Amino acid sequence: MSDELTPEIPETPETESEEPIKQRKNGLYPGVSDELAESMKSGWADTELHDLKPIEQAGHTARRRAELSARFPGERLVIPAGNLKTRSNDTDYPFRASVEYVYLTGNQTEDGVLVLEPKDDGHVATVYLLPRSDRENGEFWLSGQGELWVGRRHSLTESEALYGIPAADVRELADKLREATGPVRVVRGYDAGIQAALTDKVTAERDEELRVFLSEARLVKDDWEVGELQKAVDSTVRGFEDVVKVLDKAEATSERYIEGTFFLRARVEGNDIGYGSICAAGPHACTLHWVRNDGPVRSGDLLLLDAGVETHSLYTADVTRTLPVNGTYSEIQKKIYDAVYDAQEAGIAAVQPGAKYRDFHDAAQRVLAERLVEWGLVEGPVERVLELGLQRRWTLHGTGHMLGLDVHDCAAARTETYVEGVLEAGMVLTVEPGLYFQADDLTVPEEYRGIGVRIEDDILVTADGNRNLSAGLPRRSDEVEGWIASLKG
């Protein structure tokens, strides 16, 4: 990485002309000569893009904005994308726009803000963005976020064509919001500058209502969203196949080889991984969110791989398989795996339109409780176990969650519309029961200890039942063994 980066220069030519250009401490150039500054202003080709077509989801985002407008008539609504976050010193984390902003615009650039201004019986939407880097004041090559450092931005005119929303300079927005009158709501937590400009105009309670509405709006996916989730799942299936093919290399190195292998597929076919990949071999499979991925991969152990590709539109898959590293489950591994499989089968069967959301969780937990009683690990009857939650010592987590732009999508929705709600066609959720016998658990026979199994699939609620979006990956233990053998062969 080049070390010539300078701090961002002032925003306007007027300010820049009054102050010397600030240099990065310990930079190799002491300054910019007048001759160089003048040279950099000219001799550049016109790169404006013409005849741009709207992004694929533009019609859907317009409909979503209309639904938002109808919910909050007469109120100014402010939805920020967020800002870059510093990783260390002058390096930033990769930027990912807020899901609320992406859901309503399709745009993914930092510092963007969608504003819905009330007008008559509706709203006028404007997306506020950073324009092209200024060549007159040298921003494009002197600023750390200038185009010669981080790449070209779309012009405001280009953005209007792509997103179907009038675009304006975001650097003017804070002042406009400070002068705004009338009721205002903002999605909090993404842009401190925008929030500060509205500090005397908003309340936490009203802003939370906006966040909750946008979370609940995502509970039911439209056909375009389902297609994006299927793309994410299909790439994830290929990523799992990639991992199986290199298990011998993982044995020679560590879980990190598995993590890197899946990440390659995610970056080649999508935007990124949707969440930190869990590549848990051996007893690490008993740690629910094992993302250190620095442990050994041994023949005879199980590998719990929980990973998902995120598409370029930011929809993510979330799939888990628990695989025998050597290709064959041992007797005790198969016994535990098959119990989890049976629980997942019961859970998936309970995913139906009109069913309670909790039904799939209850169905899966009942099967697991039955097995634990049958194996003598907990005293029955099963009803007692479930009433007291005794099975949770080994099942630990809920059996699934909503899926979409977030891996745990719609998290801000009201309990009565989510966990206590009813399933509808278009909802997409995971079904992922598990059994985890910790290596230090003295309440179970030694042969159980250190074995963790989870099986997870992404399930679309349909008008007449459900569809397993991740059916491309085998689940039954004998099918998993045959699949591994075919890939290794």
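Residues numbered from 1 in each chain as written. Predicted model: local features only at pLDDT ≥ 70, side-chain atom pairs only at ≥ 80, totals over all residues. Heavy atoms only, no water.

- The protein chain is annotated in an unreviewed UniProt entry as Xaa-Pro aminopeptidase from Streptomyces hyaluromycini.
- Per UniProt, the protein chain has the following entry under Cofactor (unreviewed entry): "Mn(2+)".
- Quoted straight from UniProt, the Catalytic activity (unreviewed entry) entry for the protein chain says "Release of any N-terminal amino acid, including proline, that is linked to proline, even from a dipeptide or tripeptide." (UniProt positions renumbered as here; feature names shortened; annotations may be inferred.)

## Concerning the overall build of the protein chain
Then step 1. A count of helical and extended segments in the protein chain gives 18 helices and 17 strands.
Then step 2. Considering only C-alpha atoms, the protein chain reaches an extent of 80 × 55 × 40 Å along its principal axes.
Then step 3. For the protein chain, buried positions account for 50% of its 489 residues.
Then step 4. Sequence-distant contacts, at least 24 apart, represent 69% of the contacts inside the protein chain between residues at least 6 apart.
Then step 5. For the protein chain, the centre of its 54 positive side-chain charges and the centre of its 88 negative side-chain charges are spaced 2 Å apart. (Helix = DSSP H or I, 4+ residues; strand = E, 2+ residues; numbered from the N terminus. Buried < 20%, exposed > 50% of the residue type's maximum accessible area, 1.4 Å probe, protein only. Contact = heavy atoms within 4.5 Å. Lys, Arg positive; Asp, Glu negative; His and termini not counted. Charge placed at Lys NZ, Arg CZ, Asp CG, Glu CD.)

## Quick notes on the sheet that holds strand E16 (residues 457–462)
Then step 1. Pairing in this open sheet of 3 strands is antiparallel, and the strands run E13-E16-E17 from one edge to the other. The two strands at the open ends of the sheet, each matched to only one other strand, are strand E13 (428–431) and strand E17 (465–468). Neighbour-to-neighbour, the strand axes of this sheet turn through a mean angle of 40°, independent of strand direction.
Then step 2. As paired elements, E16 and E17 share 4 bridges and run antiparallel to each other. Pairing of Thr462 across the sheet is with Gly465, part of E17.
Then step 3. Relative to the sheet, helix H14 (residues 331–349) contacts E13, E16 and E17, its axis offset from that of E13 by approximately 155°. (Pairing = 2+ DSSP bridges. Axes fitted to C-alpha atoms, helices over the stretch in contact; angles between N-to-C directions.)

## Here we look at the nonpolar core
Then step 1. In terms of nonpolar packing, the biggest core is built from 88 residues, with Leu68, Ile79, Ile258, Ile336, Trp375, Leu435 and Phe437 touching the most fellow members.
Then step 2. At 9 residues, helix H11 (residues 223–245) tops the list of elements feeding residues into this core.
Then step 3. When near neighbours in sequence (up to four residues on either side) are disregarded, Ile258 contacts Val243, Leu247, Ala250, Cys279, Val297, Leu303 and Leu305.
Then step 4. Cys410, Tyr418, Leu429 and Val431 belong to the second-largest nonpolar core, a separate cluster that totals 16 residues. (Core = buried A, V, L, I, M, F, W, Y, C linked by side-chain atoms within 4.5 Å.)

## Topic: the sheet that holds strand E9 (residues 278–281)
Then step 1. Reading across from one edge, E9-E10-E12 is the order of the 3 strands in this open sheet, with antiparallel pairing throughout. Here the strands that pair on one side only, and so sit at the sheet edges, are E9 and strand E12 (319–324). Ignoring strand direction, the axes of neighbouring strands in this sheet form an average angle of 10°.
Then step 2. Two elements, strand E10 (residues 302–307) and E12, share 6 bridges in a ladder whose sense is antiparallel. Bridging across to E12, Ala307 finds its partner in Val319.

## Describing helix H10 (residues 204–217)
Then step 1. Taking 1.5 Å of rise per residue, the 14 residues of H10 would be expected to cover 20 Å, and the 20 Å separating its terminal C-alpha atoms lies within 8% of that figure.
Then step 2. All of the buried residues in H10 are Asp207, Leu210, Val212, Leu214, Ser215 and Glu216. (Expected span 1.5 Å × (residues − 1).)

## Thoughts on empty space enclosed by the protein
Then step 1. In total, this model carries 1 cavity of 30 Å³ or more according to the counting rule given.
Then step 2. Quantified by volume, the largest cavity comes out at close to 40 Å³.
Then step 3. Lining the largest cavity, in full, are Arg64, Glu67, Leu68, Tyr103, Leu104, Phe213, Leu214 and Ala217.
Then step 4. For the lining of the largest cavity, the secondary structure elements donating two or more residues are helix H3 (58–71), helix H4 (99–105) and H10.
Then step 5. Grouping the amino acids of the lining of the largest cavity by side-chain chemistry returns 6 nonpolar, no polar and 2 charged. (1 Å grid on protein atoms, 1.4 Å probe; cavity = no way out; pocket = protein on both sides within 12 Å on 5 of 7 lines; lining within 4 Å. Points joined across faces, edges and corners; volume = space filled by probe spheres on them. Nonpolar A, V, L, I, M, F, W, Y, C, P; charged D, E, K, R; others polar.)

## Remarks on the side chain of Arg153
Then step 1. Position of Arg153 relative to the elements: it lies in the loop between helix H6 (147–150) and helix H7 (156–163).
Then step 2. Judged by relative accessible area, which is 17%, Arg153 ranks as buried.
Then step 3. Sequence-distant contacts of Arg153, defined by excluding residues within four places in its chain, comprise Leu130, Pro131, Arg132, Ser133, Glu139, Gln145, Glu147 and Glu158.

## Here we look at the packing of aromatic side chains
Then step 1. Per the stated rule, a full pass over the model turns up 9 aromatic pairs.
Then step 2. Taken together, a centroid distance of 4.8 Å and an interplanar angle of 40° make the contact between Tyr329 and Tyr337 tilted. Across the pair, exposure class does not vary: Tyr329 and Tyr337 are buried alike.
Then step 3. For the ring pair Phe437 and Tyr448, a centre distance of 5.2 Å and an interplane angle of 65° mean the geometry is edge-to-face. One end of the pair, Phe437, is in strand E14 (residues 434–437); the other, Tyr448, is in the loop between E14 and strand E15 (451–454), with 11 residues separating them in the sequence.
Then step 4. On the basis of relative accessibility, which here comes to 2%, the residue Tyr448 falls in the buried class.
Then step 5. The rings of Tyr357, Phe360 and Tyr418 are connected pair by pair, giving a single aromatic cluster. (Phe/Tyr/Trp six-rings, centres within 6.5 Å; stacked < 30°, edge-to-face > 60°.)

## Some remarks on the packing of H3 against H10
Then step 1. Close contact between H3 and H10 brings their axes to 11 Å; oriented N to C, the two are set at 140°. Judged on the interaxial angle alone, H10 and H3 are oblique. The way H3 lies across H10 gives a crossing that is right-handed. Contacts between H3 and H10 pair Glu67, Leu68 and Arg71 from the former with Leu210, Phe213 and Leu214 from the latter.
Then step 2. Taken together, the residues of the contact of H3 with H10 break down into 4 nonpolar, no polar and 2 charged. (Parallel < 35°, antiparallel > 145°, perpendicular 65-115°, else oblique. Left-handed = near helix turned anticlockwise from the far one by under 90°.)

## Description of unusual backbone geometry
Then step 1. Between Gly380 and the following residue, Pro381, the backbone shows a cis peptide bond with an omega angle of 5°.
Then step 2. By the element assignment, Pro381 lies in the loop between helix H15 (359–374) and helix H16 (382–388).
Then step 3. The phi dihedral of Asn26 is positive, around 70°, even though this residue is not glycine.
Then step 4. With respect to the helices and strands, the residue Asn26 is situated in the loop between helix H1 (13–18) and helix H2 (34–40).
Then step 5. A positive phi angle, near 65°, is found at Leu396, a position not held by glycine.
Then step 6. Tracing the backbone through its elements, the reader meets Leu396 in the loop between helix H17 (392–395) and E13.
Then step 7. Residue class for Leu396 comes out partly exposed when judged on its relative accessible area of 33%.

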